[in-house]
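# Architecture and fold: a report
Given next are the chains, with one letter for each unit.
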Amino acid sequence: MACHLQPPHLALRSLLSFVPHGDPAADTDIIPFAPRSGTGAVTLDPARDALPWSGWPPTGNVYDWDIVLCQSTGPLWELSRTEIKISGVTLSLAQPSYTQPQLDAGIFLSYVISGDLSTGAYVLSFVPHGSVPGLADTVPFTARSGSGAIALNPDTQALPWSTWPPTGNCYDWDIVLCSQSGQTLTELTRTQLLIAAVTLSLSSATYWPDQLEAGIALAYQIQNALPTGAYVLSFVPHGTAPTLADTMPFPAVTGSGTVTLDPNQQTLPWSTWPPTGNTYDWDIVLCSQTGGALAELSRAGLQIVSITLSLAQRAYSRAQLDAGLTVQYAITGTLPPATYVLALGPKGDTPSLTNTIPFSATAGTGTMLLTTATYPWLPWANWPPTGNCYDWDIVAGSLIAPSSFTPRNTVELVIVEIPAITELTYDGTTITAHWTTVTQSGLTGYQMQLQYPSGQPTTISSAQPTGSITAAGLSGTNLVVVSATVSGVASGWSAPTTVVDLTPAIDNVTTTQPRAGSYDVSVTWPLLNSAIASGYAMKVMDNTGSTVGTWNGAAPPGLVQDLALRSPATYSASIQGSNGVSKGPFSTAATVLFAVPSGLQLDYNGTALVASWDALPGPSVYTYTVQLSANGSVVETKSQTGAGPTLTQAFTTVFQGGIIYTCVVNATLGVSIGPQSAPANGPYSRRIVYQFDGLNRLKSMTVTGGNDVTYVIDDGGNVQTATVSRV
């Protein structure tokens, strides 16, 4: 500050007072004035002196001041004053922070100039917050007075945010107004500009459908605070612009955290499957929303990775599997690094990891051929399939450890079950078969086929697991097979069952009576061709048709024991050939003869031993067989046919004393042989039972088959009388 002093004032105490223009001098803002004469300059240093502009803005926000020279002996006496105008500029922004879309659209920097800027060049310098201004990023500032706004447009001006991310990846800037003199910038004022930026991230670049189903966390990091407004997450196919079609609110405006994306609670592209538009590559876009317009702030990519297995058909026959099973696969995205395999297990069960099939594909589509030659452990390598299971899951997944498997996709393989014949009968006219029921879904019916030794087979269809084919007069080896059809696929024929088309011819039916009320029936017959009939079945029936006894065996005789045969019922026996579950026609029934002739006696008529008995009742004329035994050995057998009522038979065996003779008799009728009677005792072979009184005296003799004698004895033990009674 220049000054000129007059000599009369040299002895006064002087000071400079700083007051708003036109105000009287005051002692509030003063500094000493030392000069007393001559001319010179006083330096006003705001860092040293208490000046109105030592702080900013100036005291009272006043920019027009008077510097008053005063003398003071108490009150201030104004000697002189000069006016000083401060040129002040205030810069401001409409909001504390801006998003990239807002900056891209252009923002306005407001200014208010107090006073007039002096002549010279002025620029706006853009520097990281707190940094000194530089010439790297500048925009001319042409205003010199008044107020207004400057448009900051990254498309027409070189601003730090003209490229993205901003210069130096810095989001906190100062806009500094400077005067420029050559390469030197002098700062006048500055204002801060915060760029609000959001970083979205996911824990993985790829997700499996089951992971999405469980819900995933979208992490966010907000740098500076988002401006006031509405924000949403928009889900769009990768690389496309955000839309309002699939959005959810974004609640955060500052800080960091996570947003849970749960398809069960929110409407997301993968809330249904397959995802919306069958798209698997998505972007999650954070947007500011103004009405129906969205402005993108940030995005994160999400790729849904999946494996889809498929088969050309739902069900396969054994023959088709023997030729190899082609498994088709389709991969969305690129599989993340892992060891992938195909594992198999019964439907609904945990797949077995004992044997697995390597899965090397990581993208795209293709096929895998499963053959028992390459993988001999496949369930259908043997028949029936492993565990007799016909419904399998083929599972693709990642194998983390020998016992840790994460399934990703499953395709069902239905092996069409081949029914097995459980019963086959042939009555000489019709073949009737029964077979196991196939319970698989998609069953449409069965087929039964009769295969002849030559010529075309006969095939029928059946909705039930049974069927009949008329086939009279069969000869040779004839076979029956069956199959099932599931989902349009025929199972293939079952193992063949031989038709037993031969009928046994009974040689004889022999009935014996091992004990009272119990009978054994034995039947003999010639063997049939063993290639057709490898076994036999026998049954004994009563006259009502009810079976009272059965036998099964490989060869005659057939024997049914411990039958309780009772008159007046009649009984018969039949034989049929068999071959496993196959049964042939029963033979003609043969009578079971179980009646025993009664009244058998063996006497000696003075010339020969003679047996006599009563003929069996009824119209039939029986043949009777009588056996004579001497001392327990059969010595003579005689046969006689007659109606009776009493029959006799003389033997040629010479009667001798001292030999015990007995005889038995049984009836035969055709091939039927009845049981033998109880033995009859002959002469001198009678059983005698003696009875004694209390004094050991003979009282009587009972003779089996002879005369009983009863004695009367007196007190002295003498026989008084003997009574003989014919038995």
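Attention here is on the structure that accompanies the text.

Reading the values: the criteria
Position numbers for residues count from 1 along each chain, tracking the sequence in the order it is written. Since the coordinates come from a predicted model, pLDDT governs what is reported: local features require at least 70, and pairs of side-chain atoms require 80 or more to be given and counted, while whole-chain, interface and lining totals use all residues. Derived side-chain values reflect all non-hydrogen atoms in the structure, with water molecules and hydrogen atoms excluded from consideration. Runs of H or I in DSSP of at least four residues are treated as helices and runs of E of at least two as strands, each being numbered from the N terminus. Each residue is placed in one exposure class: buried if its accessible area under a 1.4 Å probe, protein chains only, is under 20% of its type's maximum, exposed if it is over 50%, and partly exposed if it falls in between. Here, two residues are considered to be in contact whenever any of their heavy atoms come within 4.5 Å of each other. For every accessible area listed, the method is Shrake-Rupley and the probe measures 1.4 Å; residues are considered covered only by the protein chains on display. Only four residue types enter the tally: Lys and Arg on the positive side, Asp and Glu on the negative side, with His and both chain ends excluded. The atoms used to mark charge sites are NZ of Lys, CZ of Arg, CG of Asp and CD of Glu. When DSSP finds two or more bridges between two strands, those strands count as paired. Think of each axis as a best-fit line through the C-alpha atoms, taken over the contacting stretch in the case of a helix, with angles from 0 to 180 degrees between the N-to-C directions. As used in this structure description, the phrase polar contact means that two N or O atoms lie within 3.5 Å; if the pair is within protein, one of them must be able to donate a hydrogen and the other to accept it, and residues adjacent in sequence are counted only when both atoms belong to side chains.

Attention shifts here to the overall build of the chain. Helices and strands together make up the secondary structure of the chain, namely three helices and 57 strands. Overall, the C-alpha framework of the chain stretches about 210 × 85 × 40 Å when taken along its three principal axes. When each of the 727 residues of the chain is scored for burial, the buried share is 42%. For the chain, long-range pairs separated by at least 24 residues make up 58% of all intrachain contacts whose partners lie at least 6 apart in sequence. A total accessible area of about 35,300 Å² is found for the chain, and carbon and sulfur atoms account for 52% of it. For the chain, the separation between the mean place of its 22 positive charges and that of its 43 negative charges on side chains is 14 Å.

The next point concerns the sheet that holds strand β27 (residues 364–370). Within the open sheet, the three strands sit side by side as β22-β24-β27. Their pairing is antiparallel. Bordering the open sheet on either side are β22 (306–311) and β27, each of which pairs with just one other strand. Each strand of the sheet is rotated relative to its neighbour by a mean of 25 degrees, with strand direction disregarded. The pairing of β22 with strand β24 (residues 325–332) spans six bridges and is classified as antiparallel. If you follow Ile307 over to β24, its bridge partner there is Ile331.

Our focus in this paragraph is the environment of Arg515. Locating Arg515 in the fold gives a position in strand β38 (residues 508–515). A sequence separation of 431 residues divides Arg515 from Ile84, and the C-alpha atoms of the two residues are 154 Å apart. Looking at Arg515, its side chain comes within polar contact range of the side chain of Asp562, at 2.4 Å.

A few words on the side chain of Ser491. Checked against the element boundaries, Ser491 lands in the loop between β36 (489–490) and β37 (497–498). In contact with Ser491, not counting residues within four places along its chain, are Ser317, Arg318, Val416, Glu417, Ile418, Pro419, Ser483 and Ala484.

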